[in-house]
Every structure is written in C-alpha cells, then in structure tokens.
Amino acid sequence: MDFPATQPKPAADGKIIYYPPGVKEITDKITNDEVVKRLKMVVKTFMDMDQDSEDEKQQYLPLALHLASEFFLRNPNKDVRLLVACCLADIFRIYAPEAPYTSHDKLKDIFLFITRQLKGLEDTKSPQFNRYFYLLENLAWVKSYNICFELEDCNEIFIQLFRTLFSVINNSHNQKVQMHMLDLMSSIIMEGDGVTQELLDSILINLIINLNKQAFDLAKVLLKRTVQTIEPCIANFFNQVLVLGKSSVSDLSEHVFDLIQELFAIDPHLLLSVMPQLEFKLKSNDGEERLAVVRLLAKLFGSKDSDLATQNRPLWQCFLGRFNDIHVPVRLESVKFASHCLMNHPDLAKDLTEYLKVRSHDPEEAIRHDVIVTIITAGKRDLSLVNDQLLGFVRERTLDKRWRVRKEAMMGLAQLYKKYCLHAEAGKDAAEKVSWIKDKLLHIYYQNSIDDKLLVEKIFAQYLVPHNLETEERMKCLYYLYASLDPNAVKALNEMWKCQNMLRKNLPDPGKAQDFVKKFNQVLGDDEKLRSQLELLISPTCSCKQADVCVREIARKLANPKQPTNPFLEMVKFLLERIAPVHIDSEAISALVKLMNKSIEGTADDEEEGVSPDTAIRAGLELLKVLSFTHPTSFHSAETYESLLQCLRMEDDKVAEAAIQIFRNTGHKIETDLPQIRSTLIPILHQKAKRGTPHQAKQAVHCIHAVFSNKEVQLAQIFEPLSRSLNADVPEQLITPLVSLGHISMLAPDQFASPMKSVVANFIVKDLLMNDRSTGEKNGKLWSPDEEVSPEVLAKVQAIKLLVRWLLGMKNNQSKSANSTLRLLSAMLVSEGDLTEQKRISKSDMSRLRLAAGSAIMKLAQEPCYHEIITPEQFQLCALVINDECYQVRQIFAQKLHKALVKLLLPLEYMAIFALCAKDPVKERRAHARQCLLKNISIRREYIKQNPMANEKLLSLLPEYVVPYMIHLLAHDPDFTKPQDVDQLRDVKECLWFMLEVLMTKNENNSHAFMKKMSENIKLTRDAQSPDEPKANEKLYTVCDVALCVINSKSALCNADSPKDPVLPTKFFTQPEKPKPTGVLGTVNKPLSATGRRPYIRTTGSETGSSVNSELSSSAGNRSRYGSSKFLSSALYLIFSTVLASFRTGDDFISVLTYLKSVLIPSRCRNCSSSQ
C-alpha cells in the first residue's frame, strides 16, 4: 500500500512518529472532538493493514507505541478510549505473533485497558456498539490475550476479562457475540498452563449465584467446550473442599453441592474425579453432612437424562444404603428421592423396591407416610412406573397404627382407582392392575376406628361412586361396582349403608353429644327455616339433588366470614354429608332397575364392564335388596315393582328370592296405593310358599305377613293345604312345606300353634323323625356336600327347625312341648344322629342331624322361658357338639355359637363351650375359637361400660362369670373319667388355660383375684347335677384345683383381695347345707331375675368352715369333705405355688398334681364313700 508523504513528528523518546495521510499530530493540545476525528482515520488505517505489510509495520511502529501512552490509556473520553482500544487490537493483529510492546507492565496496562473497554458491549443500542463488537471480534480472532501468558500476573487480566464478559452479556446479544466471547475465553483456558482457583470461581459463580441467565448459558457452554482442560482444576477444587476440608480456598466452598449439581447437568465428565469423593462423603460420621450429600445425589440420580446409576454402580449402591441410615432426615430424604427416580428412571424400580419395602415399616411415622406419597405420586403419573409389589406396600399401610399414614394410603389408592378404573385413563390392563383397590378400601370399614369408617364413607362418595355424577352414570357405576366386589367388601358396603341409615333416623342426642352438637341443636331451635331444611334432608323422600342443596344452604347459613377456620361449621358439614342421601333416591332406584332390566334382556354392557350377565343380574338384585332395607320409600313406584315382578318369574332361584325380600322390605303401601301390583303379587307368593325353594318359601311367608293386612287369611290358605299334604314317603317334596309351616307357626302362633301341635305329634315326630325309610350310603365319609345329602335327611333337618320355630313362636312351655322337644334333641345327640338306632343312616347324614340337634338346643336357649328348662345334662350334650368328630360340624356349630354370643342372645354359660376347642386337632379351628372368645369378651366388657344398667345383670354379662360354667362343664366332660390320669389332667389344664388366657389378658378391676375367689368358692359347694355322687364332686374339685394352679402360676396379682363377692349359679352348684346367711349381696352381684334361679347367698369364710365341718361331723364323724377345709386348700395352694416356680413345662405341673392327688385325695374319698 502506498501512502502519500506526511510530515513526521518527533516522539517523546526522540523517534519520529508517522501518521497516516491526512492525519495531523494527536496531542493533548487539541480538543476531544479533534482527537476522535483523527483517531478514526488511524483506526481506518490499521483496519486496512495486514501482517504482510512490513514497510507499513515499520513506518507505524512509533505510532503504535505512541497509542499506548498514558495520554490515551487514561483519557477521560470514552470515544477516545474505544478508538484507541480498536487501534491496539489491530496492532496486536498486525504485529502478531510478536507484540510491539516489550514492557510487561505496559502490556498489563494495555490489556486491562482493552478489557475495560469491553464493558461497552452491554448496550447494544449504543451508536458505538459496532466498534465494541469489532473490538471483541478482533481480540477473539487473533487470540490477543494469549500474549499475557508471558506475564507473571496474567491471572489478574484474565479474571478481569472473564468477569467483564459475564457481566455484560445479556438477552439482546446475538449468537455472534456469544461465540466471540466463548472463543476468547476458551483459548485462554485451553492454551494456558492451567486454570487458577480465582479464574475458575469467575466461571462457576455464574452457575449458582448470578441471576443472569445469559451468563449462566455462557458459562455452561464454556465448560462444555473446555471440559478436558478444566476437569482437573474442578477436581482439585472439590478435593480441597470435600476431602481436605479447606473451605478457605474459594468463596464458593459453601455452595459446593449446588455446584456439583449444576456441573453434572452440564456435563457429567466434568465430575469424573469428584464422584468417588461423594461416595466417601456418604459414609461420613456427620449426619448433616450425609444428609447434604444424599440431597445432592438424589438430584443427580433422579434427573431425567441422568445415567449416573448405570455408569457408577458403586456410588448407586452406596447411595441406596442411605435408605437404612440411622439418621431419620437422611432416610426421609432418600424416600422422597424415590418418587422422582421412579418417574424418570423406571428401570431402577427393581433396585428401589426392596429398600422402600423396609422403609414402609420404618418406626418413624413421617417416613412411612412419605413412602406412600412416593409410590402414589409415581403411580398417578403413570401406573406402569409402580409394580404390584410397590402397590402392595401402600395396601399394607392402610392398616398402619397411625391415622395419618392410614389416611394417606387410603386416599392414594382411591385416587388411583378413580383415575385408572373409573376414568379408564390407561386402558383395561391398568384397570385390571388396580381392580383390587375397591375391595381393600371397603374392607377397612371393618376396622374399629371411627376415623377409618368415616374416611371409607368419604372415599366411596367421592372416588368409588362419585356423587356428583349424573344419576344414570352414577347408578351404572354403582351397579357394576357392586357386581365386581368380593363378598367381604359387599358386606362392608351393606354395613356402611345401614350405619348411615341409622344415623339419618337417629341424630345424636344433644344431651349426650359434644359441645358442637349442642350448639347446633340451639341453632336449629332458633332458626325454623334451618330446621325445616334438616328435616327435609333426613326425610325418606329427600332426593339427591335436594340433599345437595340442603347441605350447601345449611353450611352457608352457619358460615362466619370473620372466622376462616370454623370448627363448628366443619363438624356440622361433616355430619350432614354423612347423613345426606347423596347416592340413592327414587330416581336412582329407577335407574338401577332399568340397568338390571337391560341385563335381563341382554342389551346391557355387562361383558364390557367385566361381569357376566348372570352375575350382573344377581348382584343387581342383591344391591336392590340391601337398598330396600336402607331406602325403602325410594322403591315405591309401579315401574320398579313391575320390574321386580318380572324377576319373580325368572328361573334363577336366587334372583326370585331377592325380589321377594325386596317386596317384603318395601311393600308396606302396595295394598293401598298399588292394587294392581297386589293382585299380581299374591298368587306368586302363594306359589313360592308352596312349591318354591326353601329360601323362597321363607321369604314369601314373611312377605305376606309384612305387606298384607289380611295376613291371617293369606297364611291360612297356605297352611291348611300344606299340612294336609305332608307325606313322609316323598321326602323331596317335604322340604319347602316344612319351611313354610315352620315360619307360619312362628309368625302367627296364636292362630296356628294348636293346629301345629297335632302336625308335630302325628307327623313330624312319629312319622318323620322316628322312622328311617331309606338306607344311607355306607361310604365312610363324615360329611357330604349339600347336593349329595339324601332328601329324607334334609327333610328331617327341616323338621327339627320346624320344631324350634314352632316353640319360638309360642314362647311358653305350658303344654310341656318344649320338654319333649329337648328330650328328643338330646336323644338324637346321644345316639350320634341315629335316633332309631337301626344303623340304616350314613355317617355323613348322622353328622347333619347332630349339627341340627345341637343348633336347635342352642336356638331354644336364646329364649329365656326355654333356657330355664334346659337341664345341665342337655347343655353338656349341646356343648360337646363343638368336639364332634366331623370337622364341618365343629366349624358350623362354632360359627353359630359365636354369632349368637356376639349379639348377646345366648346366656353366658354358652361361652364356656369354647373352652372345649382347646382339644380340637385342627390348629385353624383353635385359632378361630380364640378369636371368637376375644371378640365376645371385648363386646361384653364394652357393653357393661356403656350401659350403666348392666351392672344389675353382671352375672349374665361379666365375662369372668364364665369360669364356674367352664369348670362345671369340664368336670362333666366324658373324656375326663379319671382324676388321677396325667393325660386327662393335661387336657383339662389346656382347656382351662384356653379360656383363662383370654380372660387374664388384662387384670381389669382385679379380675384375677375375682376368678380365683370363684374357684375357691366352688370347692365350698357340691355339684348340683349330682350332689350326692362322690365321683362327680371329686372331678369338680379336681378341675377347681387345676384352675387355681393355672391362675396362681400365670398371675402375681391373683392373691389380692377380690373387689366383689362372686355369685355361683345355683343351677350347677349347691349351697352348703344349713348355711348361716350374713346379709344380702349388693346390687353389683345381683343375678338376673329368672324363674328357677335363686340368688346364691354365701356365708363368710369362717362361718362356712365351721358350718360345713359341724354338718359333716354330725353325718360322718371326723370325716372332712374334699376341698371344703380351708386349711387343706391353703396347704394345697402353698405346695403348688412353691413347686410351680421350678417347673417349666405342663408335664411337670401335671406330675405334681397327680402325685398330690394320689397322696391326699383317696383317703378322703374313701371316707366319703363309706359314710354314704
């Protein structure tokens, strides 16, 4: 390039400065504008020059040096500084690779000056932005800053440059600006000898502290570009902080875990050397430090695109170990991580499952709670993310001991069910996977906690069958839900409806309820409109829509705007929502009936809903049957009854039976309001009572009795032809007539008791029960299925039931029919079911008849007038059925016994029968009997607590009063024949402990001493069943001794004074002869008033002893009746209590007892025998 000649100017150092053509000398003597004008021409000149222009380079070298003078570098004018910086950048480009400046200090000043000018990049709208961009571009392209590597303090320049670039970048910059910045900084990192900590900090700080997103992105790309070079520097930093604990090496030390998270997200390779350090930290002794590392790794492992778990298995396994950390917050954090991990990395679910299983049983409530949240959260995102095992953990927690955990588990499962079953968001496979949830949730209604029951009701109304659905959709949901429930869930749902119905009929009594209910009662008294709305809400005719409006209106009136949280309002809303008929009304019943009709016609979507048409019809009828109990008025429409009549005509026996029962429950207005339905229904009911199945016949008779006003006429029209047509030669045609006759005589005893007596005497007993017309199959089986039982035996079973129903209807024994019946049933038990003893009947049929006889006695015992006449011998025969050789007999009898005891229908003595279950060879039967005992004892104790009047009937309610009945029963056990036999004594001890173990679980009101006192008192009496028989009394006293030994050995509290003086049942135990009464017992032990039961008045201990001894002395010289001497009893107890402590097994105990009896008892028994 040729330049016109210019006038050279001498420089300060004497060298001549040549300016480009047209450019005059630039000095401090001219104005800033002139300086700028001249510098622009200089900039233009240097921009146009290239590295090959050697002449120009030499010519302008003094100018280049001049531009680095203090005048330019410290010029206050920013335009001047910018132009000078552009010139200097070009000078570095032109003279590269050697800079014209040899002084290190000058170079440092120049680059710091240029760096300061780069701040002008911040304002993209500035007129000078293009020059700033040119400056950046030039520096990046030439890599001018690499010259600084030769400087000792180059790090200061680089730090300033990096900070400047990160501070100026913003969202108004285009991609080129970012690229030039990256080129400039990456060249410094990659071509230098290393990155100092300060320079590294200037990069890393933008990842965690600075809020400039563009700076974050710039740092992110820079780190990615220089990963190979910068990784050792990063590793050194973390080593200093994590391993050596030198937090002073950087201001970022306190953000070390945040940095690791961000660096991992940028490029995991940046942390290749850091991960082993984290594994080391996971094993730290400091719980807080482990917690911080766990939080960090949870984010690293759980992030969506992370493959750290597969790439670094040792670290993953070490991290999983923290699920079992001793520090609770660490375990809690590990569990919380699992949710994100399941959602982002389903392939790791297998690794997590075992650890979540352990944590689902964690002693900390919060951890168990978060396990549920983790699994449910993942399941709601995508059901495929959680396997059946994980869902099983949630299922288990529905029975957790803590309410918060149970609630979370139940609500979580309900949400899954609604999403995948009700809304079918993931198809049939997903719906099938969680189909068990509905059953499980309803099973929880069996729990004792009221909170559980109320939550199940809420879940049912909001998730299983959402009440806000339209009526048809809601009923379809209910219809198919009911059809797919398991039997236990169906029972729970039925019970739930019954409870709600009872609550609608009987709101809590304000006098006994809590303060909120009292306040609500006051509000209702003051507000008539509010009261009328509540009356509408609980009325049988309230529709679902009306109920919704009433609840909202009552809540609105009770709301207080000044009180955001109103416990009173919450309580009232809760009560109203529970009693409001949100599901069932007349419209809903009509919709259900239509659905069932479609199933009958074959036009319903049964198969698509996963149930067969037959199942849908049966379930639909069962559903309607249950609702007929709880919502009877909702059925009262001709359309509904027409559909039910159609069901009556179906061939399916169970469908027809359910339809009859619905008529029975809901048809109280049919006769007056729907005469057409009445005229159609009557002949059908007559037909079912005469020729239907036994169940249909029963329901038909009860339906006629409940629905029609002229029931006597209707029942007579059934009774007379049936009673005349009885024929024992055709037993298969006897079963239904016998059922109908039995129920008719029970429902209308005044009308049919006398006619039935002749039927019973002439046909039932003489012709049917006392004759064996057919020969049973001699196959040796003890039990046969129902369909294999001979018609004759089935008829005999129904005949026994007829006898019971006839007596239950009469409820009196004036004709002594009950005595005859009891003798007949006892004879059947004695003969093991073969009443005629002709051995024509099979063993399985005999089992059926034994069960029927035992159950019949137990049924009669539920009626007080018959219980009084049941002799101890008959009671014992009935009790022994629970030890029957046939498993099914024992099982069914125990179930019937438990059912009656739980309802408090049977006298307390029948609970003693369960003691015999200790001899049952089947473990499951023994376990069932123990559960029955626990349930019965719990119910009786709770009943006594909640009913103050029960204290007057403690003899029949207090569970501990079962002890004398049990002792008497065991003393008359046919297996107990030799009081000295070790094996028999062992059996007695097992039976006693089977009952006493349950009774002695809690020492309520010093009950252990009370039971001991009862056992001692029995030894002061005789066996009322055989008072003069020494053998019987010896057995009774032996059982008492065993009982006392068991009580003494199992309880240290039994030696305390008994709080009550026990009363013994006079039916089983006599009083000592000529007792000296000392007063009347208090009301606590007052027995139930019943004919033939006199209060047992016991004398004091000393009086009893002297009275008995004197009485015995007068009759038998110095003879002492076994067990009546206080001294002898005390001696026996002392011996037993001394030796029992040294024996660990029942065999040792029995050996001692046998020895003592062989030494002590025979002589006294011989005296008793000789004197008598």
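Position labels on residues start from 1 in each chain and follow its written sequence. Where totals are concerned, whole chains, interfaces and linings use all residues; where local detail is concerned, this predicted model gives features only for residues with pLDDT of at least 70, and gives and counts side-chain atom pairs only at 80 or more. The side-chain quantities take in all heavy atoms of the structure and omit both hydrogens and water.

What's the story with the overall build of the chain in this structure? I'm lost.
Per the convention used, a helix needs a DSSP run of H or I reaching at least four residues, while a strand needs a run of E reaching at least two, with both numbered from the N terminus. Each helix and strand counted, the chain has 56 helices and two strands in total. Scored against the burial criterion, the 1172 residues of the chain give a buried share of 53%. Each accessible area is a Shrake-Rupley result for a 1.4 Å probe, and residues are judged covered by the shown protein chains and nothing else. Total accessible area on the chain is roughly 53,400 Å²; 50% of this is exposed by carbon and sulfur atoms. Only protein chains enter the calculation, and the probe is 1.4 Å; a residue is then buried if its accessible area is under 20% of its type maximum, exposed if over 50%, and partly exposed in between.

Just checking my understanding: could you explain a negative patch on the surface for this structure?
Candidates for patches are residues over 30% relative accessible area with no salt bridge; among them, like charges are joined within 9 Å and nonpolar side chains (Val, Leu, Ile, Met, Phe, Trp, Tyr) within 5 Å. Any Lys or Arg side-chain nitrogen found within 4 Å of a carboxyl oxygen on Asp or Glu counts as a salt bridge. Charged residues are defined narrowly, with Lys and Arg counted positive, Asp and Glu counted negative, and His plus the chain ends left uncounted. Charge placement uses NZ in Lys and CZ in Arg. For Asp and Glu, CG and CD serve respectively. Negative charge collects at one region of the surface, where Glu470, Glu472, Glu473 and Glu587 lie side by side. As for its placement among the helices and strands, Glu587 is situated in helix H32 (residues 586-601). Judged by relative accessible area, which is 46%, Glu587 ranks as partly exposed.

Explain the nonpolar core here, please?
As used here, the term nonpolar core means buried Ala, Val, Leu, Ile, Met, Phe, Trp, Tyr and Cys residues forming a set that is joined through side-chain atoms within 4.5 Å. In this structure, Leu88, Tyr145, Phe238, Ile260 and Phe914 are the most contacted members of the largest nonpolar core, which totals 348 residues. Among the elements that take part in this core, helix H5 (residues 78-95) stands out by supplying 13 residues, more than any other. When neighbours within four sequence positions are excluded, Phe914 is seen to be in contact with Ile882, Ala894, Leu897, His898, Leu901, Ala929, Cys932, Leu933, Asn936 and Phe994. Formed by ten residues, the second largest nonpolar core is a distinct cluster that contains Leu524, Ala547, Ile554 and Leu558. Every residue pair with non-hydrogen atoms within 4.5 Å of one another is taken to be in contact.

Explain the packing of helix H13 (residues 256-266) against helix H15 (residues 287-302) to me, please; I cannot follow it from the model alone.
Packing of H13 against H15 brings their axes to within 10 Å, and their N-to-C directions diverge by 15°. Taken together, H13 and H15 sit at an angle that is classed as roughly parallel. Crossing angle aside, the handedness with which H13 passes H15 is right-handed. Residues Phe257, Ile260, Gln261 and Phe264 of H13 touch H15, and the partners they reach there are Ala292, Val293, Leu296, Lys299 and Leu300. For this classification, Asp, Glu, Lys and Arg are treated as charged, while Ala, Val, Leu, Ile, Met, Phe, Trp, Tyr, Cys and Pro are nonpolar and the rest, including Gly, are polar. Partitioned by chemical class, the residues of the contact of H13 with H15 number seven nonpolar, one polar and one charged. Angles run from 0 to 180 degrees between N-to-C directions of axes, and those axes are lines fitted to C-alpha atoms, restricted for helices to the stretch in contact. Orientation categories follow fixed angle ranges, with anything under 35 degrees roughly parallel, anything over 145 roughly antiparallel, 65 to 115 roughly perpendicular, and all other angles oblique. Put simply, a crossing is left-handed when the front helix is turned counterclockwise from the back one by less than a right angle, and right-handed when it is turned clockwise.

Looking at this structure, I do not really get a nonpolar patch on the surface. What am I missing?
Taken together, the side chains of Val243, Leu244 and Phe280 present a nonpolar region at the surface, about 280 Å² in accessible area. One can find Val243 in helix H12 (residues 227-243).

When you look at a positive patch on the surface in this model, what are you seeing that I'm missing?
On the surface, Lys491, Lys498, Lys698, Lys801, Lys859, Lys896, Lys899 and Lys903 cluster together into a patch of positive charge. Listed by contribution, the elements that provide at least two residues to the positive patch are helix H27 (487-505) and helix H47 (887-902). By the element assignment, Lys491 lies in helix H27. Residue Lys491 is classed as exposed on the basis of its relative accessible area, which comes to 53%.

Explain the pattern of salt bridges to me, please; I cannot follow it from the model alone.
It is possible for side chains of opposite charge to pair when their charged atoms get near one another. Taken as a whole and judged by the stated rule, the model has 41 salt bridges. Taking the shortest distance from any N to any O, the salt bridge between Arg331 and Asp362 comes out at 2.8 Å. Remark: Asp362 occurs in the loop between helix H19 (349-359) and helix H20 (365-381) and Arg331 occurs in helix H18 (residues 328-344); sequence separation between them is 31 residues. Residue Arg331 is classed as buried on the basis of its relative accessible area of 8%. Between Lys476 and Asp605 there is a salt bridge, with the nearest N and O atoms lying 3.5 Å from each other. Of the two residues, Lys476 is situated in helix H26 (residues 471-484) and Asp605 in the loop between H32 and helix H33 (613-630); the sequence distance between them amounts to 129 residues. Here the salt bridges do not stand alone but share partners, grouping Glu70, Arg74 and Lys106 into one network.

What's the story with the packing of helix H8 (residues 154-168) against helix H11 (residues 213-225) in this structure? I'm lost.
Each pair of packed helices can be described by the angle between their axes along with the distance between the axes. Their axes nearest at 8 Å, the elements H8 and H11 cross at an angle of 130°. By the angle between their axes, H8 is oblique relative to H11. For the pair H8 and H11, the crossing hand works out as right-handed. Contacts from Phe162, Leu165 and Phe166 in H8 reach Ala215, Leu218, Ala219 and Leu222 in H11. Residue composition of the contact of H8 with H11, by class: seven nonpolar, no polar and no charged.

I would appreciate a short explanation of helix H41 (residues 749-769) in the present structure.
Side chains that are three or four residues apart share a direction in an α-helix, a result of its 3.6 residues per turn. For a helix, the expected span equals 1.5 Å multiplied by the number of residues minus one. Helix length check: H41 (21 residues) gives 23 Å between terminal C-alpha atoms against 30 Å at 1.5 Å per residue, more than 12% under. If you look at H41, its biggest bend is around 40°, right at Val760. Those residues of H41 that sit buried are Pro749, Phe752, Ala753, Met756, Val759, Val760, Phe763, Ile764, Leu768 and Leu769. Where H41 is buried, its residues meet helix H39 (711-724), helix H40 (735-747), helix H42 (791-810) and helix H43 (817-830). We define the bend at any residue as the angle between the axes fitted to the seven residues before and including it, ending there, and the seven starting there.

Would you mind going over the packing of aromatic side chains with me for this structure?
Aromatic ring pairs are defined here through the distance separating the ring centres and the angle between the ring planes. In this scheme Phe, Tyr and Trp rings, the latter by its six-membered ring, pair at centre separations within 6.5 Å, and the angle between planes marks the pair as stacked below 30 degrees, edge-to-face above 60, and tilted otherwise. Tallying each qualifying case throughout the model produces 19 aromatic pairs. The interplanar angle of 85° and the centroid separation of 6.5 Å between the aromatic rings of Phe319 and Phe323 together place this pair among those described as edge-to-face. Pair check on accessibility: Phe319 and Phe323 agree, each one buried. On the numbers, 5.5 Å between centres and 85° between planes, the contact of Tyr965 with Phe1068 is edge-to-face. Residue Tyr965 is located in helix H50 (residues 962-971), and its partner Phe1068 is located in the loop between helix H53 (1030-1050) and helix H54 (1101-1116); the two are separated by 103 residues in the primary sequence. Accessibility classification places Tyr965 together with Phe1068 in one group, the buried group.

Before we go on, may I ask you to explain the side chain of Thr226 in this structure?
Residue position: Thr226 is located in the loop between H11 and H12. Given a relative accessible area of 1%, Thr226 falls into the buried group.

How should I be thinking about the environment of Phe635 in this particular structure?
Within the secondary structure, Phe635 is located in the loop between H33 and helix H34 (638-648). A relative accessible area of 0% means that Phe635 is categorised as buried. Sequence spacing of Phe635 and Ser586 is 49 residues, and the spatial spacing of their C-alpha atoms is 6.3 Å. Apart from residues lying up to four places away in sequence, Phe635 is in contact with Ile589, Leu624, Leu627, Ser628, Thr640, Tyr641, Ile662 and Thr666.

Looking at this structure, how should I read the confidence of the model for the chain?
Any segment with low pLDDT has predicted coordinates that should not be analysed in fine detail. As a per-residue measure, pLDDT tells how confident the predictor is, with possible values from 0 to 100. With 85% of its residues at a pLDDT of at least 70, the chain reaches an overall mean of 81. The model gives residues 507-513 a pLDDT under 50, and that stretch makes twelve contacts with residues more than four places away or in other chains. In this model, residues 1074-1149 is a region of pLDDT below 50 whose contacts with residues beyond four sequence positions or in other chains number 115 contacts.

Sorry, what's going on with the state of the cysteines here?
Put plainly, a disulfide is one covalent bond tying together the sulfur atoms of two cysteines. To count as a disulfide, a pair of cysteine sulfur atoms needs to be within 2.5 Å. A full pass over the atoms with the stated rule returns zero disulfides. Summary of cysteine pairing: Cys917 is not part of a disulfide, and the nearest cysteine sulfur, belonging to Cys932, is at 7.9 Å.

Whenever I open this one, H53 confuses me. Can you help?
Given a rise of 1.5 Å per residue, 21 residues ought to cover 30 Å, and the 30 Å separating the end C-alpha atoms of H53 matches this to within 8%. Of all 21 residues in H53, 17 are buried, a share of seventy percent or more.

Would you mind showing me how to read unusual backbone geometry here?
Peptide bonds are trans in most cases, and residues, glycine excluded, mostly fall at negative phi. A positive phi angle, near 60°, is found at Lys143, a position not held by glycine. Along the polypeptide, Lys143 turns up in the loop between helix H7 (129-142) and H8. One non-glycine residue, Glu837, lies in positive phi territory at about 55°. With respect to the helices, strands and loops of the structure, Glu837 is situated in the loop between H43 and helix H44 (843-860). Of the residues examined, Glu837 reaches a relative accessible area of 60% and is grouped as exposed.

What is the right way to look at the environment of Ser826 in this model?
Its place among the elements puts Ser826 in helix H43. C-alpha of Ser826 to C-alpha of Ile857: the two residues are 31 residues apart in sequence and 8.5 Å apart in space. For Ser826, the contacting residues outside a window of four places in its chain are Ile857, Gln874 and Leu877.

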